[in-house]
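For reference, the chains in residue letters:
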Amino acid sequence: GIQVEQSPPDLILQEGANSTLRCNFSDSVNNLQWFHQNPWGQLINLFYIPSGTKQNGRLSATTVATERYSLLYISSSQTTDSGVYFCAVSDNAGNNRKLIWGLGTSLAVNP
Amino acid sequence: NAGVMQNPRHLVRRRGQEARLRCSPMKGHSHVYWYRQLPEEGLKFMVYLQKENIIDESGMPKERFSAEFPKEGPSILRIQQVVRGDSAAYFCASSMVTDTQYFGPGTRLTVL
């Protein structure tokens, strides 16, 4: 099955700093989503991005499907960005829609 | 448009009891997924359902766990005779025919 690796596993930033999170996947995918799990455990959809580039405020994401990686950019980080960022993928072959998850990047933004 | 709803948000059971977790998908969504997150780990797929059908249950433990998504009402994840290892956060997601899955707030199950 598809393997998903995220890096770095942990990241500590000062408020205002920028960061790049990476997601590598081992096979072709038709679905790639980025999520933020906040300190209260809620999963928040950030992007659906199987290919291309999207931006939403201070966040943007790029997926290069042919090279099997995706990047999540966080600019001008804020303390509310703290939490765990997950990348999840699916190949959607046939009835397969299950998302395969990376282990996440744990981000702490200090004031 | 209300999001995916799950209840209860927190559930405490003693070993051997049954746990029932409910999920109401977003309006217009006919696909439901259940995932489990063990402490300090990522999420793991359990089961994928459409109305009255189980499409993929490859992630479900073979014993004690079952899921349904009836024609009317919420999807139910049922765990019989719970054990301490079942303590986890259980997330439900829903989608339309296309691919973006939207997640509920989760049910935190604690087995004493």
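In this report, we go over the structure that sits alongside the text. (Residues numbered from 1 in each chain as written. Chains lettered and ligands numbered in written order. Predicted model: local features only at pLDDT ≥ 70, side-chain atom pairs only at ≥ 80, totals over all residues. Heavy atoms only, no water.)

### A closer look at the overall build of chain A
Then, in step 1: Counting secondary structure elements, chain A contains 0 helices and 11 strands.
Then, in step 2: The secondary structure elements of chain A, listed N-terminal to C-terminal, are β-β-β-β-β-β-β-β-β-β-β.
Then, in step 3: In terms of C-alpha radius of gyration, chain A reaches 14 Å, essentially the compact-globule figure of 13 Å for 111 residues.
Then, in step 4: Considered along the principal axes of its C-alpha atoms, chain A spans approximately 45 × 25 × 20 Å.
Then, in step 5: Going through the 111 residues of chain A one by one, you find that 49% of them count as buried.
Then, in step 6: Sequence-distant contacts in chain A: of pairs separated by 6 or more residues, those separated by 24 or more amount to 56%.
Then, in step 7: Of the accessible surface of chain A, which amounts to about 5,200 Å², a share of 48% is contributed by carbon and sulfur atoms.
Then, in step 8: Charge-centre separation for chain A: the mean point of 6 positive side chains lies 9 Å from the mean point of 7 negative side chains. (Helix = DSSP H or I, 4+ residues; strand = E, 2+ residues; numbered from the N terminus. Rg over C-alpha atoms; globule rule 2.2 N^0.38 Å. Buried < 20%, exposed > 50% of the residue type's maximum accessible area, 1.4 Å probe, protein only. Contact = heavy atoms within 4.5 Å. Areas by Shrake-Rupley, 256 points an atom, 1.4 Å probe, with all protein chains shown as cover. Lys, Arg positive; Asp, Glu negative; His and termini not counted. Charge placed at Lys NZ, Arg CZ, Asp CG, Glu CD.)

### A closer look at the side chain of Gln-6 of chain A
Residues and elements named next belong to chain A.
Then, in step 1: One can find Gln-6 in strand β1 (residues 4–7).
Then, in step 2: On the accessibility criterion, Gln-6 (12% relative accessible area) is buried.
Then, in step 3: Those residues within four positions of Gln-6 in sequence are excluded, and the remaining contacts are Arg-22, Cys-23, Trp-34, Tyr-85, Phe-86, Cys-87, Gly-102, Leu-103, Gly-104 and Thr-105.

### Notes on the sheet that holds strand β7 (residues 59–64) of chain A
Where strands meet in a sheet, backbone hydrogen bonds hold them as pairs that are either parallel or antiparallel.
Residues and elements named next belong to chain A.
Then, in step 1: Pairing is antiparallel across the open sheet formed by 5 strands, whose spatial order is β1-β3-β8-β7-β6. Whereas interior strands pair on both sides, the edge strands pair on one side only; in this sheet they are β1 and β6 (52–56). Neighbouring strand axes in the sheet, compared pairwise and without regard to direction, differ in orientation by 15° on average.
Then, in step 2: Relative to strand β3 (residues 19–25), β1 runs antiparallel, the two sharing 4 bridges. Bridged to Ser-7 within β3 is Arg-22. (Pairing = 2+ DSSP bridges. Axes fitted to C-alpha atoms, helices over the stretch in contact; angles between N-to-C directions.)

### Some details on the packing of aromatic side chains
Then, in step 1: Inspection of the entire model under this criterion finds 8 aromatic pairs over all chains.
Then, in step 2: On the numbers, 5.8 Å between centres and 70° between planes, the contact of Tyr-35 of chain B with Phe-45 of chain B is edge-to-face. With Tyr-35 of chain B in strand β4 (residues 31–37) and Phe-45 of chain B in strand β5 (residues 43–50), this residue pair connects regions lying 10 residues apart in the sequence.
Then, in step 3: We classify Phe-45 of chain B as buried; its relative accessible area is 10%.
Then, in step 4: Counting every residue linked through ring pairs, the aromatic cluster contains Phe-35, Phe-86 and Trp-101 of chain A together with Tyr-35, Phe-45 and Phe-103 of chain B.
Then, in step 5: The ring of Tyr-69 of chain A is capped by Arg-22 of chain A, whose NZ or CZ atom sits 4.2 Å from the centre of that ring. (Phe/Tyr/Trp six-rings, centres within 6.5 Å; stacked < 30°, edge-to-face > 60°. Lys NZ or Arg CZ within 6 Å of the ring centre and 35° of its normal.)

### Digging into the sheet that holds strand β1 (residues 5–7) of chain B
Residue and element names in this part refer to chain B.
Then, in step 1: Taken in spatial order, the 4 strands line up as β1-β3-β8-β7 in an open sheet, and their pairing is antiparallel. Every interior strand has two partners, whereas the edge strands, β1 and β7 (65–68), have only one. Put simply, the sheet's adjacent strands are angled 15° from each other on average, direction ignored.

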